[in-house]
Every structure is written in C-alpha cells, then in structure tokens.
Amino acid sequence: MKILVINAGSSSLKYQLIDMDDESVIAKGNCERIGMDGHITHKTFDNREVSEDCSFPTHTEAFERVVKALTEGDAAVIRSMDEIAAVGHRIVQGAEIFDKATIVTDEVIDQIDGLAELAPVHNHPHALALRACKKVIPEYVPQVVVFDTAFHQTMPEKAYMFGLPYECYEKFHVRKYGFHGTSHRFVSRALAKVMGKNVEDLKIVSCHLGNGSSITAVNGGKSVDTSMGFTPLDGVIMGTRSGCVDPSAVTFVQKKLGLDASEMSEYLNKKSGFLGVSGISSDNRDLDAAIKDGNKRAKLAGDILRYGIKKYIGSYAAVMNGLDAVIFTGGIGENAPGVREDACKDMEFFGIKLDEKLNAETKGQLAKISTPDSKVEVWVVPTNEELLIARDTKELCGL
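Residues numbered from 1 in each chain as written. Predicted model: local features only at pLDDT ≥ 70, side-chain atom pairs only at ≥ 80, totals over all residues. Heavy atoms only, no water.

S.K.: Outline the side chain of Thr362, supporting the account with residue identities and numerical values.
M.R.: Residue position: Thr362 is located in the loop between helix 14 (356-361) and strand 13 (367-368). Dropping the residues within four chain positions of it, Thr362 is found in contact with Glu334, Pro337, Arg340, Ala367, Ile369 and Val380. (Helix = DSSP H or I, 4+ residues; strand = E, 2+ residues; numbered from the N terminus. Contact = heavy atoms within 4.5 Å.)

S.K.: Break down the pairing of strand 11 (residues 222-226) for me, citing the residues and quoting the values.
M.R.: Of all the five residues making up strand 11, four are buried; the element is thus mostly covered by neighbouring parts of the structure. Pairing between strand 10 (residues 214-219) and strand 11: four bridges, direction antiparallel. Note on strand 11: the bridge partner recorded for Thr216 is Thr226. Between strand 10 and strand 11, which pair antiparallel in sequence order, lie two residues; one of them, Gly220, sits at a positive phi of approximately 65°. (Buried < 20%, exposed > 50% of the residue type's maximum accessible area, 1.4 Å probe, protein only. Pairing = 2+ DSSP bridges.)

S.K.: How would you summarise the sheet that holds strand 3 (residues 24-32) if you had to cite specific residues and measurements?
M.R.: Strand order in the open sheet made by the eight strands is 5-4-3-2-1-6-8-7, with mixed pairing throughout. With one partner strand each, in any of the chains shown, strand 5 (49-53) and strand 7 (102-103) form the two edges of the open sheet. Here strand 7 runs beside strand 8 (residues 143-147); their pairing, made up of two bridges, is antiparallel. Residue Ile103 lies in a different strand from strand 8, and its bridge partner there is Val144. Those strands touched by helix 2 (residues 106-114) are strand 6 (84-91), strand 7 and strand 8, and its axis lies near 30° from that of strand 8. (Axes fitted to C-alpha atoms, helices over the stretch in contact; angles between N-to-C directions.)

S.K.: An account of helix 3 (residues 123-136) is needed here, citing residue identities and associated values.
M.R.: For helix 3, which comprises 14 residues, the first-to-last C-alpha distance of 20 Å matches the rise-based estimate of 20 Å (1.5 Å per residue) to within 8%. Every buried residue of helix 3 is listed here: Asn123, Pro125, His126, Ala127, Ala129, Leu130, Ala132 and Cys133. Along its buried surface, helix 3 packs onto strand 1 (2-8), helix 1 (59-71), strand 6, helix 2 and strand 8. (Expected span 1.5 Å × (residues − 1).)

S.K.: Can you explain the pattern of salt bridges? Please cite residues and give values.
M.R.: Taken as a whole and assessed by the stated rule, the structure comprises 22 salt bridges. Salt-bridge contacts for Arg391 lead to Glu23; the nearest nitrogen and oxygen are separated by 2.8 Å. Of this pair, Arg391 sits in helix 15 (residues 385-397) while Glu23 sits in the loop between strand 2 (13-19) and strand 3, and the two are 368 residues apart along the sequence. Overall, the relative accessible area of 33% leaves Arg391 in the partly exposed class. The residue Asp303 makes a salt bridge to Lys299 at a minimum N-O spacing of 2.8 Å. Taken as a pair, Asp303 and Lys299 lie in helix 11 (residues 296-320) at a separation of four residues, close to a single helical turn. With relative accessibility at 32%, the residue Asp303 sits in the partly exposed group. (Salt bridge = Lys/Arg side-chain N within 4 Å of Asp/Glu carboxyl O.)

S.K.: Lay out the nonpolar core with the relevant residues and their values.
M.R.: With 35 residues, the main nonpolar core has Cys207, Ile309, Ile313, Leu323, Val326, Phe328 and Ile352 as its most contacted residues. At the level of secondary structure, the elements contributing two or more residues to this core comprise strand 9 (203-208), strand 10, helix 10 (284-292), helix 11, strand 12 (325-329), helix 13 (337-344) and strand 14 (377-380). Excluding its chain neighbours within four sequence positions, the residues that come into contact with Phe328 are Cys207, Leu209, Ile309, Gly333, Glu334, Arg340, Ala343, Cys344, Val378, Trp379, Val380 and Val381. (Core = buried A, V, L, I, M, F, W, Y, C linked by side-chain atoms within 4.5 Å.)

S.K.: Help me get a handle on the sheet that holds strand 14, residues and values and all.
M.R.: As summarised here, the arrangement of the six strands in space is 11-10-9-12-14-13, forming an open sheet in which the pairing is mixed. Each having just a single partner strand, strand 11 and strand 13 make up the two edges of the open sheet. In this sheet, strand 14 lies alongside strand 12 in parallel orientation, the contact comprising four bridges. Across the sheet, residue Val326 finds its bridge partner in strand 14, namely Val378. Across the sheet, helix 6 (residues 181-195) is in contact with strand 9, strand 10, strand 12 and strand 14; its angle to strand 12 comes to roughly 125°.

S.K.: Describe unusual backbone geometry, naming the residues involved and giving the relevant values.
M.R.: Positive phi, close to 60°, is recorded for Glu23, a residue that is not glycine. The class of Glu23 is partly exposed, set by a relative accessible area of 32%. The backbone of Ala95 shows a phi angle near 50°, a positive value even though the residue is not glycine. Along the chain, Ala95 falls in the loop between strand 6 and strand 7. Classification of Ala95 by relative accessible area gives buried; the value is 4%.

Below you can see the structure in the form of structure tokens.
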C-alpha cells in the first residue's frame, strides 16, 4: 500500500511516496518557485533522478508535474495514480478547531484558509495546494490533513494563555499554539520504543533544532508546554527569527527605525536570529566555520542558542516534576555535536551527563549520547514527520 505525503508552501511543494508495507520511501521530490519560473527535483529509491525547469503558474501545475514524475519517464515508480491508496498533507496551523488528523472536505479546506490570519505564510498556501490536489488526484482517493499545532492542544490553559487582557483571546484567538508538533510527537514515541518503555510513563524534553527551532515538554506522551507561541517567532533564537524578546524592546526598536507593524514583523522574522546577531549567515554550519576563525559575533549567536536550550530543559523539568530523557532532533539537533554538548554542559547536578566521545561521533543517526550512569538519558532521534503523516493517514482512512 502506497501513501503520498504532501508538504506545500507558498511557492513550493515537497512530496514523498511511501510504501506502508515496510515504511520505505519509494520516491521524493520538490517543486520549487511556484508562481515564478518553476523547477522540479525528483529522486527514486534506486537513485534515478529528474531535475528540470518547469512552468508552475499555480500549485495545480505543480501537482500535475508530480503525477507525471511518479508515473512517466525514466524515473517513474508507479504505473498510475490508482496505485496510491491515500494522500496525507502537512498543515501548520489548526488553531483550536483541529486537535487531530482530519479527512479533507471542502469545508475543512475553507476552515484551514479561514485561519490564514494566524499563519499567513502557511495556511493560505496550504488551502491553495489542497484545492489544487483535489483537481489532480482522483476523487475516490481519500486525503487527510495532519496539523503541526494539534499535538500541543493538550497544553493546560495556564501554559497557553498570555498575560494580555482576556478579550484578546476571546476576540482575536491570541494564545500560544506551538509548532513542530508532528516532529515532537514522532520522536517522543520513537524514543519510548527504543527505550522499551511506554511513552505514557516518560517525562521528555524534545528539542527540535533547525533553521526554525522549538522545545517541548512531553509528559506522558502529551505536550504540556512548548517554546514557540502564537507564531513560530517565539522561543529560542533561530536562523533569522529573534526568538523571545521583551515586547517593549520591539516597540522601542520599531519607533527608532520608523517601521510599521508589517515591517517590524519582517525585521523580527527574517533579519534577526543568527543572521542578525552574527551579521554573517542564518546557517549554523556557517556560524561554526566563523567561530573557528575567531568571529566573536558568530560565537555570541551560537552561545545564545545553547544558553536558551539549557534554560528550557531546566524549566520544563520543573514543570513536569522530573525528567527521564532529553531528545535532540532536526537539522541542528541531529548534526551539531557542539550545540548538544554546550546545552548539556554543567548539568550533572540535574542528572545529565553527556558522553563526549559518543556525542562527537553522532551525526544524523539514532543514538544514546549520555553516559551509562546519567540519571537522565540524552538521545539523538532523527525526525520523520512525513512517515508520521503517512501513518496518521493510513489509520484515519482505515487502510
């Protein structure tokens, strides 16, 4: 049984075709620059590839090209779309409407589009992509939406509410929503399995670190708090996002620079973070290279991240009244031993003791990187959001 997983952005459409019999990836690719000149990259499990410029005026043309890549030419992997049992879609913002995966209907698409104000970069493009997919994918093939925010709907009110007048929540739905929920849900369950325990019996801090980063307290398999807030801007410092900042600092800088609200939002989201502090790059790998060359601002950007991770680990252990394990995942979490080492340094009193050799050797693979006598286990767990979306799709469709 094959399930197609779609992750659509405003100008891109990433996809994976997964064989659910063994959960292997049959093919994957990306349609880029939708609405501009367009380009597709497509790669199969046996390393056949397609890379070519295309015309993608809308997401519909991109979906049509995905179908062609999967079914025609030298890199085809299926004879027709009849071989696909279902399609699963990643959706960023489900707000309080969606707390679990849902079958796609016209009403559901309208509801997702209606949440665009809460996630303007993501939800409207998701809705466009869903409508385009319905035009291209046979009507009898069920489609499912899986929401990044759904996992965090278990947070208690005291964790998700802000200290703003209550009418801001009642009228404008301003609250903490959290993101990367699919990733946090996947890695926490994957860790429980490899530890040979039930996730319901574990207290975990999950650190999803990449160009966008979030840290989540997972108590008994449920999210009880998370670092990202109303938008993905909050929390630890990120590639181009500031992370948490005193709101008065925001209004102060806005006035000094003479920016309007949308310009200030762009300043915080696209010109801050690693890029803004270092003045070099938004990529952690570039910061590491600059740090080796003695760049102090690059080191400062890295130190801010490491310090922030440490604070969240400590605070979330307090929230959960204990801690069994810390997970590092995402592009930085899985591949940056230095970040993991510094975040866990000087936490022996807390029960965290890192094996420096194991940590240094671990990049991109599942591994326990704490010492045998560490009371709190520390793990690198590669995330696989697409696989979890496929599993949710399979379960919901009763396949």
